[in-house]
Amino acid sequence: MSTYHLTHLAQLEHEAIFILREVFAQFERPALLFSGGKDSIVMVRLAQKAFAPSRLPFPLVHVDTGHNFPETIRFRDQMVEAVGARLIVRYVEDSIRAGRAQEEKGLNPSRNGLQTVTLLDAIEEFKFDACLGGARRDEEKARAKERFFSHRDEFGQWDPKNQRPELWNLFNGRKHPGEHFRVFPLSNWTEMDVWQYIAQERLEIPSIYFAHRRSVVNRSGVLLADTPFISLLPGERFEEKQVRFRTVGDATCTGAVESSASNLDEIIQEVASARVTERGARADDKRSETAMEDRKKAGYF
Amino acid sequence: MSTDTRYLSMDLLRFTTAGSVDDGKSTLIGRLLYDSKAIFDDQLEAIERATEQRGEDHLNLSLLTDGLRAEREQGITIDVAYRYFATPRRKFIIADTPGHIQYTRNMVTGASTANLAIVLVDARKGIVEQTCRHSFIAALLRIQHLVLAVNKMDLVDWSEDRFNEIVAEYKQFASRLEIPDIRFIPLSALHGDNVVDRSTHMPWYHGGSLLYTLETVYIGSDLNHVDARFPVQTVIRPNSDEHHDFRAFAGRIAGGVFKPGDDVVALPSGIGSRIKSIHGPAGELSEAFAPMSVAMTLEDNIDLSRGDMVVKANNPPQATQDIEAMLCWFSEKKLQPGGKYLLRHTTRESKCVLKAVRYKVDINTLHRKAGDLEIGMNDIGRVHLRVAHPLLCDSYQRNRATGSFILVDEFTHATLGAGMIIGTPMSELPGPGTVEMGGL
Ligand SMILES: Nc1nc2c(ncn2[C@@H]2O[C@H](COP(=O)(O)OP(=O)(O)O)[C@@H](O)[C@H]2O)c(=O)[nH]1
């Protein structure tokens, strides 16, 4: 019997490193989209491994909605410094001020959709030809058909019906000037894999992923944090709960879950028995059944 | 720590699912996902809502597996979708490929990375044309393990005779395929019989359930660990004082095993050297094997770059400008005799020209289509290609990674087709009755 065996995590790791190197080899100006969330933290670790002992051969790009949890931004800056990476931040606020994006109407406007404008502007400004993202196919069903190398036309749009077939380990990154690619090295990872990898690598993650006491409001099943960007509807009130976040994003639509998981082992156990997807706590996906697909077509992450 | 660290020894199985429309593929996948807790409450709610909106009465599990709006509106699956679930033993990646539209493209894509194929049949209908087509593609793509899932056994009164009849018919057909491991499981996806747990309705069946089979099928010898092949992806050269002289060749091992101290040859230059060190994701390694991503340093300062290949001195690949291959065509634009394409193989891209179409396969009967050499969308044929630079390759049968390529349109950059290398041109083709499985 062969002893050449790799665990599922090792296989995913080798695959992701292959993709990262492929991006470096096939493109001239790649960038890694970095939100400060757990998936992008894993991406940075994989990129370090892919190019060691060199430094990261591409910058990290954060599209900042302004609706942040302060813990995440602090964490981001510490991490960038520790890794010695170059960080580029572009602000949705600036896109709104420049009249390139319009704040949503209504109470607690989410800036999730507006990130697309700022991102596409940043891609044009820096002439990025490949943007590495930490999205996974298990997150949402529109992502289940996403490629590793996802082609975007000159308007940054995704055409789900006209994707290039991807076979074996052969990735076709050819494109015309002005077009770019989004590349997803974690395509085959699940939320569980990400947590297991964080545990295996002992990666630091922002504190909001662990259970803590926080003032939240329950809005149609989503627990939204008490932040300056949230105002209450009639009849609503903030209450203190023991919660943690399963994703970090725009604070107006990223919901917390009640949890007592205060370390990685407990989180892994919680994920193993969870009955709601991690995106289930996101108000932006609840807007319609094809919310994600529509946003992706327009150039979202 | 109360750590549950079983995941540190789980491995990974990739499989495809195929069947004709209504054989129960979505139901089966839905059940595997549901019973392994990979379907969450909010996903269930979303499909309940959608089922209701469509005015259907039973929970439509296909909504769970059909991802995109266009598909939901037309009620068809048009692309490969990937799904994930895990048991304590294994993580599974399902390449869910639709059986009807653009079937060849999607099936070939899904099969290219799969260890195992599940082919579904309806127990009432038995082996149909699509069963043959799906099995042929699995065989062509060199999937080593195939499960014929005989579904809807409840509708044939759980009949052992009916099951045996189907098995016998399939075995006869499959003797022409080169699939080393074929298993047969009678099941009912709807009722869950033999999906996760053994069925109580079919005591005559002594094999394992489908999930048990997926968890235990041995895939450790599917990869080539004999012929050492290391296609160079990129060169790592830190420009810092600390690592001033460090130069490593990064890539994914495509075959065999490499160790520090091994005598190696760089191709195409033919210059020899010795491996100094191998660096994996967790640090220096005493050996590295397919499919690991590593960075290698050599004792000598030789010239090597993307597209080159490091191999063991005593075991080189073929280096040839003329290849014979089975080609699957994905594009609406037909394959052009004399047409020029970009051929991507391992980490190398070269121009190539189509010299000849040898024959076209009727994928339903496995026979050659007499007198028809036109390769259009979803067709498969054997071709002769001439490549601008020698390809460092093995037959696909010997090594999936060094025996496969894609053809890309020089102008639109679209991926047009996928090929599996058989070898170099021979003066004679095999007899007219045979269709090659990519080996020879
Ligand atoms: N009686 C019975 N019906 C089944 C079984 N599996 C699936 N079906 C039904 O067959 C129909 C087609 O199933 P579906 O999963 O949508 O097929 P697909 O087109 O292959 O994805 C549905 O009405 C299912 O409820 C089974 O094992 N027994």
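The structure displayed is predicted, hence computed values, not measured ones.

Focus on the overall build of chain B
Logical step 1: In terms of helices and strands, chain B carries eight helices and 23 strands.
Logical step 2: Relative to its full complement of 440 residues, chain B shows a buried share of 62%.
Logical step 3: Within chain B, contacts between residues separated by at least 24 positions form 70% of all contacts whose residues are at least 6 apart in sequence.
Logical step 4: Carbon together with sulfur atoms contributes 48% to the accessible area of chain B, which is approximately 17,600 Å² in total.

Things to note about the site of the ligand
All names here are of chain B.
Logical step 1: What surrounds the ligand is a group of 15 residues, the closest being D22, K25, S26, T27 and D154.
Logical step 2: In the environment of the ligand, an oxygen atom lies 2.5 Å from a nitrogen or oxygen atom belonging to the side chain of S26.
Logical step 3: Take N151: an N or O atom from its side chain is 3.0 Å from an oxygen atom of the ligand.
Logical step 4: When the ligand is considered free in solution it has 570 Å² of accessible area, and contact with the protein chains removes 78% of it.
Logical step 5: Ranked by residues supplied to the shell around the ligand, first place goes to helix 1 (residues 25-35) with three residues.
Logical step 6: For the shell around the ligand, the per-class residue count stands at four nonpolar, six polar and five charged.

With respect to the packing of helix 1 (residues 8-26) of chain A against helix 2 (residues 38-51) of chain A
Residues and elements named next belong to chain A.
Logical step 1: Running from N to C, helix 1 and helix 2 cross one another at 70 degrees; their axes reach a closest spacing of 9 Å. Taken together, the axis directions place helix 1 and helix 2 in an arrangement best described as roughly perpendicular. Two secondary-structure elements touch here, helix 1 through E13, A16, I17, L20, R21 and F24 and helix 2 through M43, L46, A47, K49, A50 and F51.

Section: helix 6 (residues 129-140) of chain B
All names here are of chain B.
Logical step 1: For helix 6, spanning 12 residues, the distance from its first C-alpha to its last is 16 Å, which sits close to the expected 16 Å at 1.5 Å a residue.
Logical step 2: The buried count for helix 6 comes to 10 of 12 residues, which makes it a mostly enclosed element.
Logical step 3: R142 lies just past helix 6 and shows a positive phi near 65 degrees.

What to know about the pattern of salt bridges
All names here are of chain B.
Logical step 1: Inspection of the entire model under this criterion finds 43 salt bridges over all chains.
Logical step 2: Note that R386 is salt-bridged to D322, the shortest N-O span being 2.5 Å. Of the two residues, R386 sits in strand 21 (residues 380-393) while D322 sits in strand 17 (residues 318-329), which places them 64 residues apart along the sequence.
Logical step 3: Among the residues examined, R386 registers a relative accessible area of 31% and is labelled partly exposed.
Logical step 4: Residue class for D322 comes out buried when judged on its relative accessible area of 19%.
Logical step 5: The closest approach of N and O atoms between K360 and D372, which form a salt bridge, is 2.9 Å. A residue pair is termed long-range when its members are at least 10 positions apart, and K360 in strand 19 (residues 348-362) and D372 in the loop between strand 20 (367-368) and strand 21 qualify at 12 residues.
Logical step 6: The exposure class of K360 is buried, given its relative accessible area of 6%.

Things to note about the environment of P59 of chain A
Logical step 1: Considering the arrangement of structural elements, one finds P59 of chain A in the loop between helix 2 and strand 2 (60-64).
Logical step 2: In this structure the C-alpha to C-alpha distance between P59 of chain A and L32 of chain A, which are 27 residues apart in sequence, comes to 6.3 Å.

Considering the nonpolar core
Logical step 1: F15 and L148 of chain B are the most contacted members of the largest nonpolar core, which totals 77 residues.
Logical step 2: When residues no more than four places from it in sequence are discounted, the contact partners of F15 of chain B are L32, F85, F92, I93, I94, A95, A114, L116, I118 and L214 of chain B.
Logical step 3: In terms of nonpolar packing, the next biggest core, distinct from the first, is built from 58 residues, A47, F51, F58 and F181 of chain A among them.

Focus: unusual backbone geometry
Logical step 1: Residue P53 of chain A is bonded to the preceding A52 of chain A through a cis peptide linkage, with omega at 0 degrees.
Logical step 2: The step from L267 of chain B to P268 of chain B runs through a cis peptide bond, and the omega angle for that step is 10 degrees.
Logical step 3: Tracing the backbone shows P268 of chain B in the loop between strand 11 (263-267) and strand 12 (271-280).
Logical step 4: Positive phi, close to 55 degrees, is recorded for D157 of chain B, a residue that is not glycine.

Observations regarding the sheet that holds strand 6 (residues 180-183) of chain A
All names here are of chain A.
Logical step 1: The six strands lie next to each other as 3-2-1-4-6-5, forming an open sheet whose pairing is mixed. Looking at strand neighbours, the two that pair on one side only are strand 3 (87-91) and strand 5 (149-152), the edges of this open sheet. Across the sheet, the mean angle separating the axes of adjacent strands is 30 degrees when strand polarity is ignored.
Logical step 2: Here strand 2 pairs with strand 3 via five bridges, running parallel. What sits directly across from V61, in strand 3, is I88.
Logical step 3: Each of strand 1 (30-33), strand 4 (130-132), strand 5 and strand 6 touches helix 1; the most contacted strand, strand 5, lies at about 40 degrees to it.
Logical step 4: Lying over the sheet, helix 2 contacts strand 1, strand 2 and strand 4, oriented at roughly 140 degrees with respect to strand 1.

Here we look at helix 5 (residues 115-126) of chain A
Residue and element names in this part refer to chain A.
Logical step 1: Across its 12 residues, helix 5 extends 16 Å between first and last C-alpha, which sits within 8% of the 16 Å expected from 1.5 Å per residue.
Logical step 2: Every buried residue belonging to helix 5 is among Q115, T116, T118, L119, L120, A122, I123 and F126, and all of these are buried.
Logical step 3: Contacts made by the buried residues of helix 5 are with strand 1, strand 2, strand 3, helix 4 (92-97), strand 4 and strand 6.
Logical step 4: Of the residues trailing helix 5, K127 is marked for its positive phi of about 55 degrees.

Quick notes on the sheet that holds strand 1 (residues 11-18) of chain B
Residue and element names in this part refer to chain B.
Logical step 1: Taken in spatial order, the six strands line up as 2-3-1-4-5-6 in an open sheet, and their pairing is mixed. Pairing within the sheet leaves two strands with one partner each, and these edge strands are strand 2 (81-86) and strand 6 (181-186). The average angle at which neighbouring strand axes cross in this sheet is 25 degrees, direction not considered.
Logical step 2: The strands that helix 6 touches are strand 1, strand 4 (116-122) and strand 5 (145-151); relative to strand 4, the one it contacts most, it runs at about 175 degrees.

Quick notes on the rules
- Residues numbered from 1 in each chain as written.
- Chains lettered and ligands numbered in written order.
- Predicted model: local features only at pLDDT ≥ 70, side-chain atom pairs only at ≥ 80, totals over all residues.
- Heavy atoms only, no water.
- Helix = DSSP H or I, 4+ residues; strand = E, 2+ residues; numbered from the N terminus.
- Buried < 20%, exposed > 50% of the residue type's maximum accessible area, 1.4 Å probe, protein only.
- Contact = heavy atoms within 4.5 Å.
- Areas by Shrake-Rupley, 256 points an atom, 1.4 Å probe, with all protein chains shown as cover.
- Near = heavy atom within 4 Å.
- Polar contact = N/O pair within 3.5 Å; in protein donor to acceptor, adjacent residues only side chain to side chain.
- Nonpolar A, V, L, I, M, F, W, Y, C, P; charged D, E, K, R; others polar.
- Axes fitted to C-alpha atoms, helices over the stretch in contact; angles between N-to-C directions.
- Parallel < 35°, antiparallel > 145°, perpendicular 65-115°, else oblique.
- Expected span 1.5 Å × (residues − 1).
- Salt bridge = Lys/Arg side-chain N within 4 Å of Asp/Glu carboxyl O.
- Core = buried A, V, L, I, M, F, W, Y, C linked by side-chain atoms within 4.5 Å.
- Pairing = 2+ DSSP bridges.

Any functional reading would require information that these geometric values do not contain.
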